[in-house]
Structure formats: structure tokens, C-alpha cells
Amino acid sequence: MTIRIALVGDFNPAVTAHQAIPKAIEIAAAEIGISVEYDWIATPRFDDGAAPILSGYDGMWCVPASPYESLEGALAAIRFVRENDIAFLGTCGGYQHAVLEYARNVLGLANAANAEIDPDAELPLIAPLACALIDQDGEIELAAGSLIRAHSGSDHLIETYRCSYGFNRDYAGLLAGQALQIGAWDADGDPRSVELHNHRFFIGTAFQPERSALRGENHPLITAFIKAASAK
């Protein structure tokens, strides 16, 4: 079996996560016993719509290194896979934009914004972290009953970050009772992952699980994503 994964973001060979992601996919594919083809797709390509591009893919990974060249392009791509039950993984910037897309298109919060792009935003859903996490490890508590906890087989993780912005915890209550839920928190009470419960696979993480591949290790979350993409 061969599946196709779209890597949505603006490829930069100098970005550590972009170096790690192909390795992470290859490790997960070998563990499952399938073949995975992947394509890097720049965000501006979605400015005129995502369907013509993404319809042929089994999964989409919205990759780190934001702000993206096209905010609207990234949101269009995420919306398409969310609405069409295509397996989705968003790490770092991909996680942030998954929250933003849901807030705008499901919760109806058209003014939900990324303060990295719009510092004067009325609703800064993505805001500066109290302390930037640049190539730092942190412990993450996984919520009881969460999908990320089930996929990880543990109640906590220690993961690596490279971010200065994240889901503003002042607005975490917006997801109360929603299909998109917070699945993990750090010790300071900041959200660290979100997950959609009426979807084949839709998880975003503030951390970068792909970095496990730089140590030659498989990450259970990436394996779960590739398995979901391959399920027919």
C-alpha cells in the first residue's frame, strides 16, 4: 500500500523540523509496513482554494515555521481536511493555525487572530508565550480520556519546542463543549495540544514530535497519524 501526505507550509531546509519530518514519516511508515509519498506544498498555493490540491491526498501535516507566507492559504488547507475527514497533524505553527481555523469557521469568531502577525488584534487567540521555548524540552500532562493520551499510551510526555507564540490560555474556555478540545497542558496551565473528536484523525501539538526522528526514534503520535491516513 502507498499513501500520499501533503506537507503544508513553506519549506526551508535550514529549519530543524523540516529536516526531521521526512525522517519521521519514513520511520512510522516502516513500522506500519506501508509506503508513504509526501509533497511539500507552499501555503500561497491554497489562496484560490484547497480542494483541487488536497483531494488526492490521504493525510496532511501542517508543519512548523510560521508565520506562513499565506495565513489564509494555511487556514483554507486546514479547513478542507477538517471538513472532509482527511487525517491531519499540525505541529507548532500547524497547531496554532488549527485553533485559529476552528475559531473563525466553526465558532464564528471572524476577528480571531495571530498576534505574531497582528500585534493589535482585538481577539489574540494566538499570543506571545510568557517565556519563549526555543529548542527547550518540557513536560506535558495529557488529559484523561484524550485522544493524544490514548495514542501515546502514557499520561505525560517530555517533548521539544521551538516557539514564541501559542494558544492563548485566556481563551481556552472557548473550546468548552466543542468538538475541538484541549488534549494536553503544561505545568503552567498553558494548552499544549488540541484534538477533534468527530474526525478520522485531527491533532495539533505545540511541541514538535518529529524531532524524535533525529534520534532515529519512532513517535507514537506520528505512527497514529500515518495509520489513520492509511485507513480506508
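Up top is the structure.
Residues numbered from 1 in each chain as written. Predicted model: local features only at pLDDT ≥ 70, side-chain atom pairs only at ≥ 80, totals over all residues. Heavy atoms only, no water.

A.B. asks: For this particular structure, what's the right way to read the overall build of the chain?
C.D. replies: Scanning the chain from N- to C-terminus turns up six helices and 10 strands. For the chain, the C-alpha radius of gyration of 16 Å lies close to 17 Å, the compact-globule estimate for 232 residues. Dimensions of the chain along its principal axes, counting C-alpha atoms only, are 45 × 40 × 35 Å. Taken across its 232 residues, the chain has 54% of its residues classed as buried. Accessible surface computed for the chain: about 9500 Å², of which carbon and sulfur atoms make up 46%. Separation between the mean location of the 15 positive side-chain charges and that of the 30 negative ones in the chain comes to 5 Å. (Helix = DSSP H or I, 4+ residues; strand = E, 2+ residues; numbered from the N terminus. Rg over C-alpha atoms; globule rule 2.2 N^0.38 Å. Buried < 20%, exposed > 50% of the residue type's maximum accessible area, 1.4 Å probe, protein only. Areas by Shrake-Rupley, 256 points an atom, 1.4 Å probe, with all protein chains shown as cover. Lys, Arg positive; Asp, Glu negative; His and termini not counted. Charge placed at Lys NZ, Arg CZ, Asp CG, Glu CD.)

A.B. asks: Would you take a moment to explain the pattern of salt bridges for this structure?
C.D. replies: A side chain with one charge can pair with a side chain of the opposite charge if their charged atoms come near. In total, this model carries eight salt bridges according to the counting rule given. The shortest N-O distance in the salt bridge between Arg4 and Asp39 comes to 3.2 Å. A residue pair is termed long-range when its members are at least 10 positions apart, and Arg4 in strand 1 (residues 2-8) and Asp39 in strand 2 (residues 35-41) qualify at 35 residues. According to the relative accessible area criterion, Arg4 is partly exposed, its value standing at 30%. Between Arg82 and Glu101 there is a salt bridge; the shortest N-O distance is 2.8 Å. One end of the pair, Arg82, is in helix 3 (residues 71-83); the other, Glu101, is in helix 4 (residues 93-105), with 19 residues separating them in the sequence. Judged by its relative accessible area of 15%, Arg82 falls in the buried class. Three or more residues joined by partner-sharing salt bridges are found here, namely Arg79, Arg82, Glu83 and Glu101. (Salt bridge = Lys/Arg side-chain N within 4 Å of Asp/Glu carboxyl O.)

A.B. asks: What is the right way to look at the packing of helix 3 against helix 4 in this model?
C.D. replies: The description of two helices packed together rests on the angle between their axes and the distance between the axes. Close contact between helix 3 and helix 4 brings their axes to 9 Å; oriented N to C, the two are set at 75°. Of the possible angle classes, the one that applies to helix 3 and helix 4 is roughly perpendicular. Residues Leu71, Glu72, Ala74, Leu75, Ile78, Arg79 and Arg82 of helix 3 lie in contact with helix 4, whose contacting residues are Gly94, His97, Ala98, Leu100, Glu101, Tyr102, Arg104 and Asn105. Residue classes in the contact of helix 3 with helix 4 are distributed as seven nonpolar, three polar and five charged. (Axes fitted to C-alpha atoms, helices over the stretch in contact; angles between N-to-C directions. Parallel < 35°, antiparallel > 145°, perpendicular 65-115°, else oblique. Contact = heavy atoms within 4.5 Å. Nonpolar A, V, L, I, M, F, W, Y, C, P; charged D, E, K, R; others polar.)

A.B. asks: Would you explain the side chain of Asp186 in this entry?
C.D. replies: Tracing the backbone through its elements, the reader meets Asp186 in strand 8 (residues 180-186). Among the polar contacts listed, one links the side chain of Asp186 to the backbone nitrogen of Asp188, at a separation of 2.9 Å. In terms of polar contacts, Asp186 uses its side chain to reach the backbone amide nitrogen of Asp190, at 2.8 Å. Apart from the residues within four sequence positions on either side, Asp186 is in contact with Glu139 and Arg192. (Polar contact = N/O pair within 3.5 Å; in protein donor to acceptor, adjacent residues only side chain to side chain.)

A.B. asks: How do you make sense of the nonpolar core when you look at a structure like this?
C.D. replies: Generally speaking, soluble globular proteins have nonpolar side chains that are buried together. Phe46, Leu54, Met60, Phe88, Leu125, Phe167 and Val194 are the most contacted members of the largest nonpolar core, which has 38 residues in total. When contributions to this core are tallied by element, the ones reaching two or more residues are strand 1, helix 2 (51-54), strand 3 (59-62), helix 3, helix 4, strand 6 (123-142), strand 8 and strand 9 (191-196). Considering each element in turn, this core owes the most residues, seven residues, to helix 3. In contact with Met60, not counting residues within four places along its chain, are Ala6, Val8, Leu54, Ala77, Ile78, Val81, Ile86, Ala87, Phe88, Leu89 and Phe225. Membership of the second largest hydrophobic core comes to 30 residues, among which are Ile5, Phe207, Leu221 and Phe225. (Core = buried A, V, L, I, M, F, W, Y, C linked by side-chain atoms within 4.5 Å.)

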